[in-house]
Amino acid sequence: MPPNGIRAVSKWLVKMDVRHFFESISEKQVYLVFRRLGYGALISFEMSRLCTRVRSSRYHQQTASLTVDREAPSLPYEGHVQGHLPQGAPTSPMLANLAVIELDKILERLARSLGWVYTRYADDIAFSTREISTRGRAIELATLTERELMRFGLTSNRQKTSVTPPGGRKILLGLLIDRDQPKLTRAFRNNIETHLYALSSPNIGPAAHRERRGFASVIGMRKHIVGLIAFAHQVNKEYARKLYNRFASVDWDR
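Analysis parameters
- Residues numbered from 1 in each chain as written.
- Predicted model: local features only at pLDDT ≥ 70, side-chain atom pairs only at ≥ 80, totals over all residues.
- Heavy atoms only, no water.
- Helix = DSSP H or I, 4+ residues; strand = E, 2+ residues; numbered from the N terminus.
- Buried < 20%, exposed > 50% of the residue type's maximum accessible area, 1.4 Å probe, protein only.
- Contact = heavy atoms within 4.5 Å.
- Patch = residues over 30% accessible without salt bridge, like charges linked within 9 Å, V, L, I, M, F, W, Y side chains within 5 Å.
- Areas by Shrake-Rupley, 256 points an atom, 1.4 Å probe, with all protein chains shown as cover.
- Salt bridge = Lys/Arg side-chain N within 4 Å of Asp/Glu carboxyl O.
- Pairing = 2+ DSSP bridges.
- pLDDT = per-residue confidence, 0-100.
- Core = buried A, V, L, I, M, F, W, Y, C linked by side-chain atoms within 4.5 Å.

Undergrad: Could you give an account of the side chain of Thr-145, with specific residues and numbers?
TA: The topology assignment puts Thr-145 in helix 5 (residues 135-151). According to the relative accessible area criterion, Thr-145 is buried, its value standing at 0%. Residue contacts for Thr-145: discarding those within four places in its chain leaves Met-16, Leu-107, Leu-110 and Phe-127.

So this is what it looks like as structure tokens:
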């Protein structure tokens with residue numbers, strides 16, 4: 001669910017994190033996503049194999065036991081380690097969202113029944129409200145959410161669960177949301193401006209800055225910074241325009 005449900009100037013904000021989100025979406029769930037989209041059993045099996053991977057870890061030692069519909073051919077799942085969505089793959093975000101679409105509907109109904117707005121972006125879950133509430137009610141909402149997550153094979157990272165009351169500084173997905181319009185944080189602006197200063201400095205330049213920051217290549221660093229500016233552009237176009245101008249003036253051959 002895209003983060004457009006956040007209410008500006010919310011009084012309360014509950015943030016939660018799903019532990020190992022993509023790795024928790026099994027090959028079986030991906031297969032069923034393709035089946036629901038109307039693909040045949042065999043092609044769904046092949047695509048689920050292409051879009052998942054098997055990695056030896058304590059989270060994925062179970063063997064798959066996939067029940068398919070009557071029209072499906074016999075598939076070699078039984079007795080084999082089941083794959084999962086890899087983090088970073090271009091297909092993983094959409095497939096993960098489709099795999100947990102019923103969970104989104106349940107949490108949205110739960111939030112609405114208690115006077116909150118539900119938002120999820122990948123593994124980041126948030127509940128916000130303009131209504132008068134209490135910390136106890138916020139914790140109750142988080143507890144109910146944990147139960148629903150468990151029903152779908154997901155686990156909440158409790159160390160990252162936070163409750164921000166009225167007057168608290170509310171940051172979600174790297175944005176300040178305690179005002180009428182989302183705003184870039186000072187930390188974000190300092191980071192990207194430091195990049196641009198170093199790239200343009202006659203005493204540093206791209207090559208030295210890449211080494212200092214630990215990027216594998218100048219090209220990779222360049223793409224990373226472009227991504228930061230693109231993010232800023234979604235929030236503050238005028239500020240991003242200045243960043244793009246500074247970025248365009250960098251001599252990348254130094």
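Undergrad: Quick one: what's the story with a nonpolar patch on the surface, residue by residue and with numbers?
TA: Taken together, Leu-37, Tyr-39 and Ile-43 make up a surface patch of nonpolar side chains, about 280 Å² in accessible area. Along the polypeptide, Tyr-39 turns up in the loop between helix 1 (27-36) and helix 2 (41-50). With relative accessibility at 37%, the residue Tyr-39 sits in the partly exposed group.

Undergrad: Provide a residue-level description of the sheet that holds strand 6 (residues 171-172), including the pertinent values.
TA: Taken in spatial order, the three strands line up as 6-7-8 in an open sheet, and their pairing is antiparallel. For this open sheet the edge positions go to strand 6 and strand 8 (183-184), each flanked by a neighbour on one side alone. As paired elements, strand 6 and strand 7 (residues 175-176) share two bridges and run antiparallel to each other. Bridged to Ile-171 within strand 7 is Leu-176.

Undergrad: Can you explain the confidence of the model for the protein chain? Please cite residues and give values.
TA: On average, residues of the protein chain score 87 in pLDDT, and 86% of them reach the 70 mark or higher. Below pLDDT 50 for its whole length, residues 1-7 participates in 22 contacts with residues either more than four positions away or in separate chains. Across residues 58-74, confidence stays below pLDDT 50; counting only partners more than four residues off in sequence or on other chains, it has 30 contacts.

Undergrad: Go over the pairing of strand 2 (residues 117-121), please, and point to the residues and values.
TA: When you tally the buried positions in strand 2, you get four out of five residues, the bulk of the element. Relative to strand 3 (residues 124-129), strand 2 is paired through five bridges, and the arrangement is antiparallel. Looking across to strand 3, one finds that Tyr-118 is bridged to Phe-127. Between the antiparallel neighbours strand 2 and strand 3 lie two residues, among them Ala-122 with a positive phi of about 55°.

Undergrad: I'd like a rundown of the nonpolar core, residues and numbers included.
TA: Among the nonpolar cores identified, the biggest contains 31 residues, and Val-14, Ile-25, Trp-116, Ile-125, Phe-127 and Leu-154 are the most heavily contacted of them. Secondary-structure elements contributing two or more residues to this core are strand 1 (12-19), helix 1, helix 3 (92-99), helix 4 (101-113), strand 3 and helix 5. Every residue in contact with Trp-116, bar those within four places of it in the chain, is listed here: Trp-12, Leu-13, Val-14, Ala-111, Phe-127, Ser-128, Thr-129, Ser-133, Ala-138 and Leu-141. Counting residues in hydrophobic clusters, the runner-up holds 22 residues, among them Ile-177, Phe-215, Met-221 and Val-250.

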